[in-house]
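Coordinates in review
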Amino acid sequence: MKTTSRSLLLAGLALALATSAFGATNGETSSTASLATGSVSCNSARIAFMGPLSGDASFVGTEQLSWAKYAASTLDKQLKLKVQLLQEDIQYDSALALKVGRKYAADQRVLAIIGPSTSGAVVATGSIFKAARLATISPSATRTSLTNGSIPTFFRILPNDDAQAPSDADFIARHLKAKKVYVIDDQGSYGVELADSTSAALKRLKVSVTRTSVSQQATDFTSTVAKIPTETDVVFLPWLQPERAQTFAQQMGERSKRTKIFGSDGVNDPEKFQAKGAYVSSPTPNITWIPSSKALVQGWLKANPGQKVGSFGPPTYGAVQVALTAIRNACRAGKGKTTRAAVLAEVAKVRISPWILGRTFAFDKRHDPVGARFAVYQIQQDGSYRLVNY
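Values in this document were obtained by computation on a predicted structure and should not be read as measured data.

Cut-offs applied
- Residues numbered from 1 in each chain as written.
- Predicted model: local features only at pLDDT ≥ 70, side-chain atom pairs only at ≥ 80, totals over all residues.
- Heavy atoms only, no water.
- Helix = DSSP H or I, 4+ residues; strand = E, 2+ residues; numbered from the N terminus.
- Rg over C-alpha atoms; globule rule 2.2 N^0.38 Å.
- Buried < 20%, exposed > 50% of the residue type's maximum accessible area, 1.4 Å probe, protein only.
- Areas by Shrake-Rupley, 256 points an atom, 1.4 Å probe, with all protein chains shown as cover.
- Lys, Arg positive; Asp, Glu negative; His and termini not counted.
- Charge placed at Lys NZ, Arg CZ, Asp CG, Glu CD.
- Phe/Tyr/Trp six-rings, centres within 6.5 Å; stacked < 30°, edge-to-face > 60°.
- Salt bridge = Lys/Arg side-chain N within 4 Å of Asp/Glu carboxyl O.
- Axes fitted to C-alpha atoms, helices over the stretch in contact; angles between N-to-C directions.
- Parallel < 35°, antiparallel > 145°, perpendicular 65-115°, else oblique.
- Contact = heavy atoms within 4.5 Å.
- Nonpolar A, V, L, I, M, F, W, Y, C, P; charged D, E, K, R; others polar.
- Disulfide = S-S within 2.5 Å.
- Pairing = 2+ DSSP bridges.

**Comments concerning the overall build of the chain**
A tally of regular secondary structure across the chain gives twelve helices and 16 strands. Since a compact globule built from 390 residues should have a radius of gyration of about 21 Å, the 21 Å found for the chain is in line with a globular shape. For the chain, the spread of C-alpha atoms along the three principal axes comes to 70 × 45 × 35 Å. Here the chain holds 390 residues, and the buried ones make up 59% of them. When the accessible surface of the chain is summed, it comes to about 15,600 Å², and 49% of that surface belongs to carbon and sulfur atoms. Put simply, the chain has 46 plus and 28 minus side-chain charges, and the middle of one group is 8 Å from the middle of the other.

See the structure below:
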């Protein structure tokens, strides 16, 4: 999501916090760099998950971790490895992410990071992992600038934010035939940035855009709803809290507003956002509809009884698959031993088909996924999400 992917695709932490944390690592890079070339026995290799397992974004991290565990347990056998999966909660806190990042960088047996989940956490830990040549493979951090070359150890599974805005705008303009769109950000970095970029994309498509904002703490949107002109075709909500989007939709209905609602990937949560007829975007398709992923879905459901397949978990399976494939290849070349630098080089070369999200997966030169794009779902009368564009 934007800040990643949600990402996410998740939004990053506040820029000031992330920048401060990033700068705090400068004094450690020389000691961390020595860990890049140290040889590790493949029998003691580790990968480490970093995500929000508590707090407001815990629903993302817990889903991601369940798929990381499933991937590690199944792929380890398929690839004939003995790799241990570690896990740490970094909440939605750059300082905590920095602390955990230092811990993992100091453990030379950790050969790849699954995450960090948020773009802010990626920035906060970037210099540490860069110095350690420790590959970080995020399933949800989508801030575009993360792959500008400043953090060469960073890779992502999902499309970056530059793909979301034009994708959402194109669907709103071409598929929904919207002429007038009301864009409401939530004053957070994710919402403002995505609102700006989507508004610009809509205007390029000759769509009239009106902008406003609401507080991230707001729970009563009646005054905002009242201001939406009756001729508005679509209300665009680039928010991070699906339950607030649900409240907004309910209050729209109470005032008999029939305007279509389109939510970004940040409100894509079938458990919390069920506004009938609304649309949501997602950096991932529903993998239950991908024939080649049928066995994966069945296996995960068996290992996680009572749970539903969401949007954040499957990319995490992919991140673990990339990491373990790279470790397998590096271990073969090193005849049972490898280094972080060797694994990092292999990550960039990984190519997987069939891929859990469909098609074939590979990284481009920026470490973004080749050919990535956003999907769009419409919420049905029973609250289910139906894929309408991918």
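**Observations concerning the packing of aromatic side chains**
Scanning the entire structure with this criterion turns up 17 aromatic pairs. With a centroid separation of 6.0 Å and 45 degrees between ring planes, the pair formed by F171 and F262 is classed as tilted. Of the two residues, F171 is situated in helix α6 (residues 161-175) and F262 in strand β10 (residues 260-263); the sequence distance between them amounts to 91 residues. Assessed through its relative accessible area of 0%, F262 is described here as buried. Relative to Y385, the ring of Y377 lies with its centre 6.2 Å away and its plane at 50 degrees, an arrangement referred to as tilted.

**Observations concerning the pattern of salt bridges**
A full pass over the atoms with the stated rule returns eleven salt bridges. The residue D368 makes a salt bridge to R156 at a minimum N-O spacing of 2.4 Å. With a gap of 212 residues between them, D368 in the loop between β14 (361-362) and β15 (375-379) and R156 in strand β6 (residues 154-156) connect regions that are remote in the sequence. One exposure class covers both D368 and R156, and it is buried. Linking E231 and K180 is a salt bridge whose minimum nitrogen-to-oxygen distance equals 4.0 Å. Taken together, the residues span a long stretch of sequence, with E231 in the loop between α8 (222-227) and β9 (234-237) and K180 in strand β7 (residues 180-185) at a distance of 51 residues. Assessed through its relative accessible area of 44%, E231 is described here as partly exposed.

**Comments concerning the packing of helix α3 (residues 58-78) against helix α10 (residues 294-303)**
One way to put it is that α3 packs onto α10 with a least axis distance of 11 Å and a crossing angle of 110 degrees. It follows from the interaxial angle that α3 and α10 lie roughly perpendicular. Listed contacts from α10 to S66, W67 and Y70 of α3 are A295, L296, G299, W300 and A303. Taken together, the residues of the contact of α3 with α10 break down into six nonpolar, two polar and no charged.

**A word on the state of the cysteines**
Scanning the model with the defined rule gives one disulfide in all. The disulfide that involves C42 links it to C331, with 2.0 Å between the sulfurs. Sign of the S-S torsion, about -110 degrees for the bond between C42 and C331, identifies this disulfide as left-handed. Linking C42 in the loop between β1 (40-41) and β2 (46-51) with C331 in helix α11 (residues 313-333), this pair joins segments that are 289 residues apart in sequence. Neither residue differs from the other here; C42 and C331 are each classed as buried.

**Here's the deal with the sheet that holds β2**
Within the open sheet, the five strands sit side by side as β3-β2-β4-β5-β6. Their pairing is parallel. For this open sheet the edge positions go to β3 (84-89) and β6, each flanked by a neighbour on one side alone. Averaged over all neighbouring strand pairs, the angle between strand axes comes to 25 degrees, with direction disregarded. Direction of pairing for β2 relative to β3: parallel, over a ladder of six bridges. Along β3, the bridge assignment pairs A48 with L86. Against the sheet, helix α4 (residues 94-106) engages β2, β3 and β4 (110-114), with an angle of about 155 degrees to β3. Of the strands in this sheet, β2, β4 and β5 (135-138) touch α11, which is tilted by about 160 degrees from β4.

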